[in-house]
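# Notes for the structure review
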Amino acid sequence: MKIGILQTAPNNCAFLNSLCRKSGVQLVNFVDEAVWEVVLNSGGQVTERVHDILAEDFMRLIEAGCDSIGLLCSLVKPGIEKVREKVPMPIIVYDDVQAERAVAVTPEGGKIAVIAMKDTPLEPSKKAVLEAAVRDGKNIAVETICVESAKNCLAETGSEALADEYFIRYLRENQDRYSAFVIPQVPLSRIMVKIRDLKTPVFDSMEPFVDKLINGACSGFEAGLIKK
């Protein structure tokens, strides 16, 4: 099997490659940093031109023989339904997958924490969780949290390892307040091996995404996106 992932920066390629090697699948990383420059030049807006570029990029992944395709950048996700109209294969978006899984394990009236070391990914991920809750017919609260101790540590020391410890401490001390944690900040996938023992389920942005591309690209709500 071959999967294709579109990104706007190259920093996650190595980790994605390792996940796919473990699963025995071939990965095509498509890094299009230029599309983000188009967004910046448009005042931070995801324009029709951005949609066209994304559609062109996904078509190239399909032409490369990919059996499933995904987007690993929530910042260019707005208007993704317009991109899907131009592409004859379901497009899996990484934060949709983790949101879907977090909602599935959260009871009616439960609370999900969307948590990171910086503010940027919080609101897009919160939106994804709320949309997943609507699809699942659940009334779920969502709280966004930037762990300031970890954020400040990273800014002041540059040490990811030390910042990770602050972040993990926050998760451990607050896990009883939530039904699930969602971690949308992609590089924080590196902490997952250290928090497998938490009582509260934790959904990062990488492993569920790759698993969905490999095992369930056409299941769930994505199935309705297949061109007939």
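Residues numbered from 1 in each chain as written. Predicted model: local features only at pLDDT ≥ 70, side-chain atom pairs only at ≥ 80, totals over all residues. Heavy atoms only, no water.

When its secondary structure is counted, the chain shows 9 helices and 8 strands. Here the C-alpha atoms of the chain give a radius of gyration of 17 Å, agreeing with the 17 Å that 2.2 N^0.38 yields for 228 residues. Along the longest, intermediate and shortest principal axes, the C-alpha atoms of the chain span 45 × 40 × 40 Å. By residue count, 50% of the 228 residues in the chain fall in the buried class. Within the structure as shown, the chain displays about 10,400 Å² of accessible surface, and the carbon and sulfur contribution to it stands at 50%. Charged side chains of the chain number 27 positive and 32 negative; the gap between the two group centres comes to 3 Å. (Helix = DSSP H or I, 4+ residues; strand = E, 2+ residues; numbered from the N terminus. Rg over C-alpha atoms; globule rule 2.2 N^0.38 Å. Buried < 20%, exposed > 50% of the residue type's maximum accessible area, 1.4 Å probe, protein only. Areas by Shrake-Rupley, 256 points an atom, 1.4 Å probe, with all protein chains shown as cover. Lys, Arg positive; Asp, Glu negative; His and termini not counted. Charge placed at Lys NZ, Arg CZ, Asp CG, Glu CD.)

This part covers the sheet that holds strand E4 (residues 91-93). Spatially, the 4 strands line up as an open sheet ordered E2-E1-E3-E4, and their pairing is parallel. The sheet is open, and its two edges are formed by strand E2 (26-31) and E4, each paired on a single side. Strand-to-strand, the axes of this sheet are offset by a mean angle of 25 degrees, without reference to chain direction. Direction of pairing for strand E1 (residues 2-7) relative to strand E3 (residues 68-71): parallel, over a ladder of 4 bridges. Following the sheet pairing, Ile3 is matched in E3 by Ser68. Where helix H1 (residues 13-23) meets the sheet, its contacts fall on E1 and E2, and the angle it forms with E2 comes to roughly 165 degrees. Running over the sheet, helix H5 (residues 94-105) touches E3 and E4 and is turned about 65 degrees from E4. (Pairing = 2+ DSSP bridges. Axes fitted to C-alpha atoms, helices over the stretch in contact; angles between N-to-C directions. Contact = heavy atoms within 4.5 Å.)

The next subject is the packing of aromatic side chains. Throughout the structure, instances matching the rule amount to 2 aromatic pairs. On the numbers, 5.6 Å between centres and 55 degrees between planes, the contact of Tyr178 with Phe181 is tilted. The pair Tyr178 / Phe181 is uniform in exposure class, with both members buried. (Phe/Tyr/Trp six-rings, centres within 6.5 Å; stacked < 30°, edge-to-face > 60°.)

Time to look at the sheet that holds strand E7 (residues 180-182). Across the sheet, 4 strands lie side by side as E6-E5-E7-E8; this open sheet has parallel pairing. The outermost strands of the open sheet, each flanked by one partner alone, are strand E6 (141-146) and strand E8 (202-203). With 6 bridges connecting them, strand E5 (residues 111-116) and E6 associate as parallel partners. Opposite Ile112, over in E6, you have Val142 as the bridge partner. Packed onto the sheet, helix H6 (residues 122-136) meets E5, E6 and E7 and runs at close to 165 degrees relative to E6.

Another point: the packing of helix H7 (residues 148-157) against helix H8 (residues 160-174). What describes two packed helices is the angle between their axes and the distance between those same axes. Running from amino to carboxyl end, H7 crosses H8 at an angle of 170 degrees, the nearest separation of the two axes being 8 Å. One finds that H7 runs roughly antiparallel with respect to H8. Where H7 approaches H8, its residues Ser149, Ala150, Cys153, Leu154 and Thr157 are matched on the opposing element by Glu160, Leu162, Ala163, Tyr166 and Phe167. Its residues assigned to classes, the contact of H7 with H8 shows 7 nonpolar, 2 polar and 1 charged. (Parallel < 35°, antiparallel > 145°, perpendicular 65-115°, else oblique. Nonpolar A, V, L, I, M, F, W, Y, C, P; charged D, E, K, R; others polar.)

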